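For reference, the chains in residue letters:
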Amino acid sequence: MSESESKQAPRGYVRYRDDVEVVEPDEGEVIEKLIAAMLKGMALTRPKHGRTVRAAHAKAHGLVKGELRVLDGLPAPLRQGLFAQARAYPVVARLSHVPGDLDDDRRVSGPRGLALKVLGVQGLGPMLPGHEGETTQDFLLDTGKVFNAVGPRAFLAQIAPVEHLAPRTPQAVKGAVSAVSLATNTGLHAVGADSAVLDFFGHPFLHPLGEPYYSQAPIRYGDYLAKLNVTPDSPGLRALVDAKLDVRDFDGLRQAVVAFFREHPAEFVMGVQLCTDLERMPVENANAEWPEEESPYQPVARLVLPAQDAYDPALQDAVDEAMLFSPSHSLAAHRPLGGIMRARMAVYEAVGRARREQNGQPVKEPRSADDLP
């Protein structure tokens with residue numbers, strides 16, 4: 001963005017400053033405990049599966065390749081970082097569920113995730129420390145609008161017992177918890193509320209391709225602060241919005257995604273919600289929903305995924321097993337913000353490296369689309 005455009009930016013958008021983040025004195029210690037809890041959870045699931053699976057988002061429903069196409073003619077506040085110019089970037093996407101175990105889709109329904117690795121982002125400014133020299137930008141999104149904890153300490157209180165007990169819990173018990181949580185959350189939704197915590201165990205049995213996905217917590221958006229979302233926006237996907245699935249197989253969600261991509265392409269809109277007030281749109285409370293009536297999501301790009309084999313064996317090895325998606329894989333212009341994001345950057349990097357080392361997988365980022373099968 002030029003200096004003249006910067007001076008003309010709307011007053012309503014909060015500008016990024018280093019002091020929008022407030023780090024708690026014991027945050028480093030809390031993050032180390034989070035890493036330890038995640039590593040313990042991975043160690044408990046390893047004997048069951050014969051390999052180390054991801055500490056979160058363990059089970060993939062789809063692995064697809066496509067493009068992220070930045071829109072032309074964006075207003076100046078939206079032309080930031082990766083979105084500064086209209087161009088297309090190769091992208092690989094991984095659809096998943098949140099738990100760190102390979103759960104039975106017939107019994108356990110949790111929130112879903114969409115991880116995007118955008119390739120070829122060199123020349124767009126410095127990378128975050130630890131990602132220097134790489135050419136990838138990762139965006140991690142979930143079906144919940146907000147994270148299920150305010151900050152790292154609250155998240156540790158939630159995750160420690162889950163990481164210890166969940167891998168040991170029979171699928172039938174998980175299914176019963178999922179059913180109760182789903183019923184409770186459905187009741188809350190009927191009166192205009194719902195619970196991100198209950199959603200972890202009782203997400204509706206919807207088609208993964210018919211749901212919107214959210215960054216949940218904020219990121220830096222060049223000169224501003226923002227949250228991201230990705231929403232279905234092609235005829236085939238719009239037909240899946242709110243469509244209930246009758247899941248009859250252990251891998252039923254994956255079967256639904258693979259069946260769709262066998263015959264249909266998919267397009268999503270990526271939107272940006274710019275922060276307009278730090279009190280009503282806080283950085284350090286990841287459980288706070290930013291009001292869309294004050295700042296709606298504005299489209300900045302299209303995620304275009306052609307018809308393909310959405311669980312190709314070669315991609316299983318290259319993406320599902322070997323690849324790490326992490327908030328720390330980022331341009332400085334899109335640095336994740338807030339305590340939960342600072343924790344996720346450290347935790348994902350640590351447990352992701354441990355998983356790949358334990359499985360004998362190379363610790364390596366793709367340089368371009370040519371590095372993908």
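To start, this report covers the structure provided alongside it. Keep in mind that what you see is a predicted model, and the values were worked out from it rather than measured. Just so you know, the residues in each chain are numbered from 1, in the order the chain's sequence is written. Note on the predicted model: pLDDT of at least 70 is required for a residue's local features to be given, and 80 or more for side-chain atom pairs to be given and counted; whole-chain, interface and lining totals, by contrast, use all residues. With hydrogens and water excluded, all non-hydrogen atoms of the structure serve as input to the side-chain values.

Things to note about the pairing of strand E9 (residues 298-305)
Short version of the rule: Any two strands between which DSSP finds at least two bridges are classified as paired. A run of H or I in DSSP becomes a helix once it reaches four residues, and a run of E becomes a strand once it reaches two; helices and strands are each numbered from the N terminus.
In the sheet, strand E1 (residues 60-70) pairs with E9 via four bridges, with the strands oriented antiparallel. Residue Val70 lies in a different strand from E9, and its bridge partner there is Ala301. Bridging between strand E8 (residues 266-274) and E9 involves seven bridges; their strand directions are antiparallel. For Phe268, the partnering residue across the bridge sits in E9 and is Leu303.

A word on the pattern of salt bridges
Counted only if it meets this: Take a side-chain nitrogen of Lys or Arg and a carboxyl oxygen of Asp or Glu: if they are within 4 Å of each other, that pair is a salt bridge. Type-normalised accessible area, obtained with a 1.4 Å probe on protein chains alone, sets the label of each residue: buried when under 20%, exposed when over 50%, and partly exposed for intermediate values.
For the coordinates displayed, the defined rule picks out 28 salt bridges. Between Glu67 and Arg69 there is a salt bridge, with the nearest N and O atoms lying 2.8 Å from each other. The exposure class assigned to Glu67 is partly exposed, which follows from its relative accessible area of 30%. According to the relative accessible area criterion, Arg69 is partly exposed, its value standing at 40%. Here Arg280 ties to Asp277 by a salt bridge, and the two come within 3.4 Å at their closest N and O atoms.

Structural notes on empty space enclosed by the protein
Heads up, the rule is: Think of a 1 Å grid over the protein atoms and nothing else: a 1.4 Å probe that fits but is trapped marks a cavity, an open set flanked by protein within 12 Å on at least five of seven lines marks a pocket, and residues with an atom within 4 Å of a point count as lining. Grid points are joined across faces, edges and corners, and a volume is the space filled by probe spheres set on the points. Note on residue classes: Ala, Val, Leu, Ile, Met, Phe, Trp, Tyr, Cys and Pro are nonpolar, Asp, Glu, Lys and Arg are charged, and everything else, Gly too, is polar.
By the definition in use, this model includes four cavities of 30 Å³ or more. In this structure, the largest cavity encloses a volume near 250 Å³. Along its surface, the largest cavity is lined by 22 residues, and Arg54, Ala56, His57, Phe325 and Tyr348 are the ones closest to its centre. Of all the secondary structure elements, the ones that give two or more residues to the lining of the largest cavity are helix H2 (27-49), strand E2 (88-97), strand E3 (112-119), strand E4 (136-142) and helix H9 (339-358). Among the elements that line the lining of the largest cavity, the one with the most residues is H9, at six residues. By residue class, the composition of the lining of the largest cavity is 13 nonpolar, four polar and five charged.

Side note on the side chain of His57
The criterion, for reference: Any pair of nitrogen or oxygen atoms within 3.5 Å is treated as a polar contact; in protein, a donor-acceptor pairing is required on top of that, and neighbouring residues in sequence qualify only through side-chain atoms on both sides.
Structurally, His57 can be placed in the loop between H2 and E1. A distance of 2.8 Å separates the side chain of His57 from the side chain of Ser96, its partner in a polar contact.

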